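Coordinate inspection notes
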Amino acid sequence: PCPLDSPPPATALPVNIKVDVGEGEPIESALRRFKREVNKSGHLMDLRHKRYFENSQERKKRKIVQARFRKRMERMQARRMRQQRT
């Protein structure tokens, strides 16, 4: 809702997520797909982190914790895949 000649507000994100709704498709399933796309894009997490100021040391700590969690999930999934094969 901002005029074309003025720059977008600082809180505006360049989000371009589209979900095509099939004919006869329930709105609940289209909404579920939209939510999944928004989560995959990472914009909500980015907004959550920008809600408060975070200095470089805090950002580094958060990134380390996130990487540790991601690695742990990858190991768990790899173990599940190995167990399924046997």
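Preceding block: the structure.
A short note on the overall build of the protein
Helix and strand counts for the protein come out as three helices and zero strands. Going from the N terminus to the C terminus, the protein shows its helices and strands as α-α-α. For the protein, the exposed area adds up to about 8,500 Å²; of that, 55% sits on carbon and sulfur atoms.

Describing helix 1 (residues 27–41)
End to end, helix 1 covers 21 Å across 15 residues, agreeing with the expected 21 Å (1.5 Å per residue, within 8%). Among all positions in helix 1, only Ser-29, Ala-30 and Val-38 are buried. Of the surrounding secondary structure, the elements contacted by the buried residues of helix 1 are helix 2 (43–50). Looking one or two residues beyond helix 1, the residue adopting positive phi is Gly-42, at roughly 85°.

Concerning the layout of surface pockets
Taken as a whole, the largest pocket holds about 200 Å³ of empty space. Looking at the largest pocket, the residues that line it are Asp-46, His-49, Lys-50, Tyr-52, Phe-53, Glu-54, Arg-59, Arg-62, Lys-63 and Gln-66. The set of elements that each furnish at least two residues to the lining of the largest pocket consists of helix 2 and helix 3 (56–85). It is helix 3 that contributes the most residues to the lining of the largest pocket, four residues altogether.

Rules used in this analysis
Residues numbered from 1 in each chain as written. Predicted model: local features only at pLDDT ≥ 70, side-chain atom pairs only at ≥ 80, totals over all residues. Heavy atoms only, no water. Helix = DSSP H or I, 4+ residues; strand = E, 2+ residues; numbered from the N terminus. Areas by Shrake-Rupley, 256 points an atom, 1.4 Å probe, with all protein chains shown as cover. Expected span 1.5 Å × (residues − 1). Buried < 20%, exposed > 50% of the residue type's maximum accessible area, 1.4 Å probe, protein only. Contact = heavy atoms within 4.5 Å. 1 Å grid on protein atoms, 1.4 Å probe; cavity = no way out; pocket = protein on both sides within 12 Å on 5 of 7 lines; lining within 4 Å. Points joined across faces, edges and corners; volume = space filled by probe spheres on them.

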